[in-house]
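What the coordinates show
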Amino acid sequence: MVRSPELPAPSEGPPAGLAAYQQALWGLPARLVVLAGEEVLSPVLTGGPEGLPGTTPTLHLPGAATALSRHWAEAVVSHAAAHQRFGAAPQPRAGLKPVQQALYGVLEDARVEALACAELPGLRGLWCAFHAGPDALQGLGFEALLARLARVLLDPGWHDPHPWVEKVRRGVQGSDGLGLLQATPASLRQAASVLGHDIGQMRLPFNPRTYRPHPGYRDDNQHLWCRDPDLPPSDLPLQGEAAQGSNTQVDLQAPPSLQAAAPWPAEPPPPATAPGVWHPEWDQRIGRYRPAWCCVRVEPAVPRGPALAGPPAPPALRAALSRLPGPRQRAPGCAREGEALHPAALVDAALDLRRGHAPDPRLYQRQRAQGAPLAVSLLLDASASTAEPGPDGQPLLAALRPSVAHSLAALQALGHRQAAWAFASRGRLQVTLRGLKSWHESALAPEVQARLAGLQSGGSTRLGAVLRQALQDQLADAARHPGWRRVIVLLTDGELHDIDVHEAGYLQADLARACREAARHGVAVRALVLPPGRPQALHPCLGAGACAGLQGPSQLAVRLPALLGGGW
């Protein structure tokens, strides 16, 4: 891309307070250097997690431009910090022409800015001012179209009349406007490759040697690319991250050690005994998802002590569940047509013939129109509140274990698929989902009973993240075993709380959003609310017909069949 002329030595330091502003954004380390000379046109970001002198990225600010506007300097620093916070490892240039590389730079800039605005919404107003100002690039050339595309991807309220710009906006942002939040560098690279062919068909000229991204607060994007041995090194000497202040010369191209570098993490995950799965979370105050906000650790429950012992599922529970649509049902009575003969009707017909009477033509067993069987995920609340004594004096969790075991056994006996998990949380980075029973295990297996017996209470209740992980597990099972009606049952006291949430209604709004996500995938969500909780607390999230209250754990056998048999 741009090969800027050799730059002079650094001038005086950055404007007062700019370093503090950069540190206040996400608290990530970075070095600010102001370069003197009017020939310096664009900010330049160098460095990364490894491979350059030191370990801290360095942002080089054009000295002539920083005097123009304090807001411009803040926009530059914010954009570079967004790349540091949400950026990925450098991409190889191979396979992309200069036009496609420029397109990828615009799309990647839009991606990191969308993620930054999801966390810090005020940045959108700071950046939008430069897209709409008098210096904003206009026209029908390729660089002008890139600038116009950058504006519509940042400002959801702006409409551009150019059909190509609108086509790209719809393809990148999607119908729900969340496309950039869910995009990956690989998907944007593929999109840039396809869009580059459109530009070729439009016969728009492009000079990569003079191109620089618009608007001017955006850096030159050289840090997006791996070092290419076929390209000459940049003639732009920049100051590296040297703790002693030495004038280290650094190529704009990333060094070889960065070619295989992993993406800079959005936030380092806490130490964990099991790998975490990152899920978004809905923030009702800003009206947007916070991407990769909650880390769910999925791990097997630890068996402690002897397995649960007891009789099989109570007859009343099996009888109630047997009324649900399933694969092993046959309605009583006779019919004129069917697949199986009715034994009693055959005996009656033989007796009628011996007496010289005409036999009843209904000799077949009547078949009931059956719905698809169920695939049930049972999510058991194991937070600290379940250690409180229930109506019978036992801790709620201890009293629930036999009822959960009976329910799983009854569902299995009637041919329904079932899985069970226990959940708790200790902040958004430590949401734990412990496997009690997987889809392929028998509900009567000793190891399943031992896991139930070993459950202990502790932690808080963050249901949105738990529900998204259970939905992901349901969809994975649906891909292997299609044709089952899928439902997630939450067994909880309904008191949503976590140690890092202080805003009333925040977790409830996220749970309601997660329920909508499940509904879009055809997965029903139901809740059985334990005392002292009230089912009305979950009505705004799940709906009144999807919640039922329990007077005690023993009522699970009564309430569960009615809840599973409700409307879908």
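Below is a short write-up of the structure. These figures come from a predicted structure and were not determined experimentally.

1. A word on unusual backbone geometry
Note: most peptide bonds trans; most residues except glycine with negative phi. Geometrically, the link from His214 to Pro215 is a cis peptide bond, its omega value of -5° lying close to zero. Structurally, the position occupied by Pro215 is in the loop between α9 (185-201) and β4 (238-239). The step from Pro531 to Pro532 runs through a cis peptide bond, and the omega angle for that step is 5°. Residue placement: Pro532 occurs in the loop between β14 (523-529) and α16 (539-542). A positive phi angle, close to 45°, is found at Ala292, a residue other than glycine. By secondary structure assignment, the location of Ala292 is in strand β7 (residues 288-300). The class of Ala292 is partly exposed, set by a relative accessible area of 36%.

2. Quick word on the sheet that holds β7
What the 8 strands build is an open sheet, ordered β6-β7-β12-β11-β10-β13-β14-β15; its pairing is mixed. Every interior strand has two partners, whereas the edge strands, β6 (276-283) and β15 (547-549), have only one. Strand-to-strand twist in this sheet, taken as the mean axis angle between neighbours without regard to direction, amounts to 25°. Sheet topology note: the β7/strand β12 (residues 431-437) ladder contains 5 bridges and is parallel. Bridged to Arg297 within β12 is Thr432. Relative to the sheet, helix α15 (residues 506-520) contacts β6, β7 and β14, its axis offset from that of β6 by approximately 110°.

3. Brief notes about helix α7 (residues 163-173)
Taken together, the buried positions of α7 are Trp164, Val165, Glu166, Val168, Val172 and Gln173. Where the residues of α7 are buried, they touch α4 (98-119), α6 (142-154), α8 (179-182) and α9. Once α7 ends, the next one or two residues include Gly174, with phi positive near 75°.

4. Brief notes about the pattern of salt bridges
Going through the model one piece at a time under the given rule, you end up with 21 salt bridges. Note that Arg462 and Glu281 form a salt bridge whose closest N and O atoms lie 2.8 Å from each other. Of this pair, Arg462 sits in the loop between α13 (446-453) and α14 (463-480) while Glu281 sits in strand β6, and the two are 181 residues apart along the sequence. The residues Arg462 and Glu281 share a single accessibility class, namely buried. The closest approach of N and O atoms between Asp500 and Arg462, which form a salt bridge, is 2.8 Å. In this pair, Asp500 is assigned in the loop between β13 (485-492) and α15 and Arg462 in the loop between α13 and α14, connecting sequence segments 38 residues apart. Exposure remark for Arg462: the relative accessible area of 2% places this residue in the buried category. If you follow the salt bridges from partner to partner, you end up with Glu281, Arg462, Asp498 and Asp500 in one network.

5. Regarding the packing of aromatic side chains
Scanning the entire structure with this criterion turns up 7 aromatic pairs. The interplanar angle of 65° and the centroid separation of 5.4 Å between the aromatic rings of Phe206 and Tyr211 together place this pair among those described as edge-to-face. The two residues Phe206 and Tyr211 agree in class, both being buried. Here the aromatic residues Trp127, Phe130 and Tyr217 are joined through ring pairs into a cluster of three or more. Arg428 extends its terminal NZ or CZ atom over the ring of Trp293, reaching a point 3.7 Å from the ring centre.

Thresholds, definitions, all that
- Residues numbered from 1 in each chain as written.
- Predicted model: local features only at pLDDT ≥ 70, side-chain atom pairs only at ≥ 80, totals over all residues.
- Heavy atoms only, no water.
- Helix = DSSP H or I, 4+ residues; strand = E, 2+ residues; numbered from the N terminus.
- Buried < 20%, exposed > 50% of the residue type's maximum accessible area, 1.4 Å probe, protein only.
- Pairing = 2+ DSSP bridges.
- Axes fitted to C-alpha atoms, helices over the stretch in contact; angles between N-to-C directions.
- Contact = heavy atoms within 4.5 Å.
- Salt bridge = Lys/Arg side-chain N within 4 Å of Asp/Glu carboxyl O.
- Phe/Tyr/Trp six-rings, centres within 6.5 Å; stacked < 30°, edge-to-face > 60°.
- Lys NZ or Arg CZ within 6 Å of the ring centre and 35° of its normal.

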